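# Commentary on secondary and tertiary structure
The residues making up each chain are set out below.
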Amino acid sequence: MDMLKDLTSMQFEYGIEEEDRCWLYLQGRYQGRMIEACAHATFFCKVLHNMRESIRKWQMSRYRSIGSHATVPKDELKVGIIGGGHLGKQLAQVLLDLVPIPPERLWISTRRPEALEELQNLGVRCFYHNAYLVGWADVIFLCCLPSQLPNICAEINTSFKKDSIVYSFVAAIPIPRLKRLLDHTSILRPHYQCVEGFANIWQSNREITAALQDPEILQATCPYNPAGGIILNIKWLEGVFYAALNTCTAKDLPHPLTLQLINELFLSVHTNDCGERKESCPKLQLQDFVSQVYAKGLTQRRPLPWFDLASVQLRETPFTRKLLTCTSLQDHIIHFYCNEFGLSFTKEQQPMVSRNCLF
């Protein structure tokens, strides 16, 4: 394809009539949605992977403090994808390249596993058994068509582990219906809004892994950033935070330790405004995630409650207000997001924050 790159007659736009060229922006929008979807799924997996590793390191330090030589095995994230079409294949490749998920920890269930020979050659297990995949995976990505979803949900809704997280790309199925179909509460579903007036930066002929190594494109996928004309609803970001909290609750960690790990993970990358002593850095408190009444009754040794991720994305939470009002927290999240992909930038390069994308 590189040999044909500069040949005008081989470009997608060549045969399109002049009066139809006004629709070409849809090609860039489709590619932008695909890049953002894969970027945010990758970020989510990185967060869960890093939180599990932080918990393991704390457990190891605890053993050492009492003179024990016991080891804690790595709690590697297990990822399943239901659907082996264009999105499923692209997502699998990005997760392998950028999280990175080890191939043996990535399974794909699809009606045509023979079409995924390239991924199978890398060590990814491809087969057709949705319920079996769901019983194994920690995170399940739904990359199927809306018409297929009711049957898939009927197959898998009795196979979930309690802490399994369903991450849906099926935009036509809202969270309340998905919750009923799955009979499960740990659901994440990013919602994207397309807006006019932004340049098409998405480069439709580019591989997604390569695109996410481009600083301009990566910054356009940042939460709060409308560049490229595609805005992510910030309720998804709330779901990511609460999913990380649930990861700690699943290990029965006392809530002060959970808050310590959350702060160390999400606020570890500092902005230029933090100062040498980091005195202006935000710090997440218990009341940022639960009501004041509940916080008062929570003893030091108790873990946080198990949060319904579907409800978190549908209702206002204490953390909704924090994300809306705390600009320093927004700046830290942007820096942390970019740092997870290997990008750092100066204050002058910082992506634009848009309050219109909060809800």
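Note that the structure is a prediction, hence the values are computed from the model and not measured. (Residues numbered from 1 in each chain as written. Predicted model: local features only at pLDDT ≥ 70, side-chain atom pairs only at ≥ 80, totals over all residues. Heavy atoms only, no water.)

## Concerning the environment of E238
Mapped onto the elements, E238 comes out in helix α9 (residues 235-250). Considering only alpha carbons, one finds E238 and T320, 82 residues apart in sequence, at a separation of 7.1 Å. Once residues lying within four places of it in the same chain are set aside, the contact partners of E238 are V312, T317, F319, T320 and L323. (Helix = DSSP H or I, 4+ residues; strand = E, 2+ residues; numbered from the N terminus. Contact = heavy atoms within 4.5 Å.)

## Focus on the packing of aromatic side chains
According to the stated counting rule, one finds 19 aromatic pairs in the structure shown. Measuring from ring centre to ring centre gives 6.4 Å for F43 and W236, while their planes differ by 45°; the resulting arrangement is tilted. Here F43, found in helix α1 (residues 25-65), pairs with W236, found in helix α9; they are 193 residues apart in sequence, far enough to count as distant. Here the two residues F43 and W236 agree in accessibility, since each one is buried. Between the aromatic rings of F43 and Y337, the centroid separation amounts to 5.0 Å while the plane-to-plane angle is 50°, which identifies the pairing as tilted. Of this pair, F43 sits in helix α1 while Y337 sits in helix α14 (residues 327-340); the two residues are 294 residues apart in sequence, bridging distant segments of the chain. For the pair F43 and Y337, one class covers both residues: buried. (Phe/Tyr/Trp six-rings, centres within 6.5 Å; stacked < 30°, edge-to-face > 60°. Buried < 20%, exposed > 50% of the residue type's maximum accessible area, 1.4 Å probe, protein only.)

## Here's the deal with the nonpolar core
Grouped together as the largest cluster of nonpolar side chains are 91 residues, with contacts concentrated most on F44 and F141. With 13 residues, α1 is the largest single contributor of residues to this core. Excluding anything up to four places from it in sequence, F44 contacts V139, I165, Y167, L188, W236, V240 and A243. With 21 residues, the next largest nonpolar core counts A137, L149, V166 and V170 among its residues. (Core = buried A, V, L, I, M, F, W, Y, C linked by side-chain atoms within 4.5 Å.)

## What to know about the confidence of the model for the protein
Of the residues in the protein, 84% have a pLDDT of 70 or more, and the chain-wide mean is 87. Low pLDDT, under 50, characterises residues 19-23; the predicted model gives this stretch three contacts beyond four residues in sequence or across chains. Predicted confidence is poor over residues 355-359, with pLDDT under 50, and the contacts of this stretch with residues over four places away or in other chains come to 18 contacts. (pLDDT = per-residue confidence, 0-100.)

## Quick word on the pattern of salt bridges
Going through the model one piece at a time under the given rule, you end up with 10 salt bridges. One salt bridge connects K251 with D75, and the closest N-O pair in it is separated by 3.3 Å. Within this pair, whereas K251 is found in the loop between α9 and α10 (255-266), its partner D75 is found in the loop between α1 and β1 (79-82), the two being separated by 176 residues in sequence. A salt bridge links K235 to E238; the shortest N-O distance between them is 3.0 Å. Of this pair, K235 and E238 both sit in helix α9, three residues apart, roughly one helical turn. What makes K235 buried here is its relative accessible area of 8%. Its relative accessible area of 2% is what places E238 among the buried residues. (Salt bridge = Lys/Arg side-chain N within 4 Å of Asp/Glu carboxyl O.)

## Thoughts on the pairing of strand β4 (residues 139-142)
Of the two faces of β4, both are covered, the one formed by V139 and F141 as well as the one formed by I140 and L142. Looking at chain direction, β1 and β4 are connected through four bridges and run parallel. Bridge assignment links I82 to a residue of β4, and that residue is L142. Two elements, β4 and strand β5 (residues 165-168), share four bridges in a ladder whose sense is parallel. Directly across from L142, in β5, lies its bridge partner S168. Taken together, β4, helix α5 (residues 149-156) and β5 form a β-α-β motif whose crossover is right-handed. (Pairing = 2+ DSSP bridges. Right-handed = clockwise from strand over helix to strand, strands pointing away.)

## Comments concerning the sheet that holds strand β6 (residues 187-188)
Sheet architecture is open: six strands sit in the order β3-β2-β1-β4-β5-β6, paired in parallel fashion. At either end of the open sheet lies a strand with only one pairing partner, and these are β3 (125-127) and β6. As paired strands, β1 and strand β2 (residues 106-109) are joined by four bridges and run parallel to one another. Bridged to I81 within β2 is I108. Strand contacts of helix α2 (residues 86-98): β1, β2 and β4, with the helix running at about 165° to β1, the strand carrying the most contacts. (Axes fitted to C-alpha atoms, helices over the stretch in contact; angles between N-to-C directions.)

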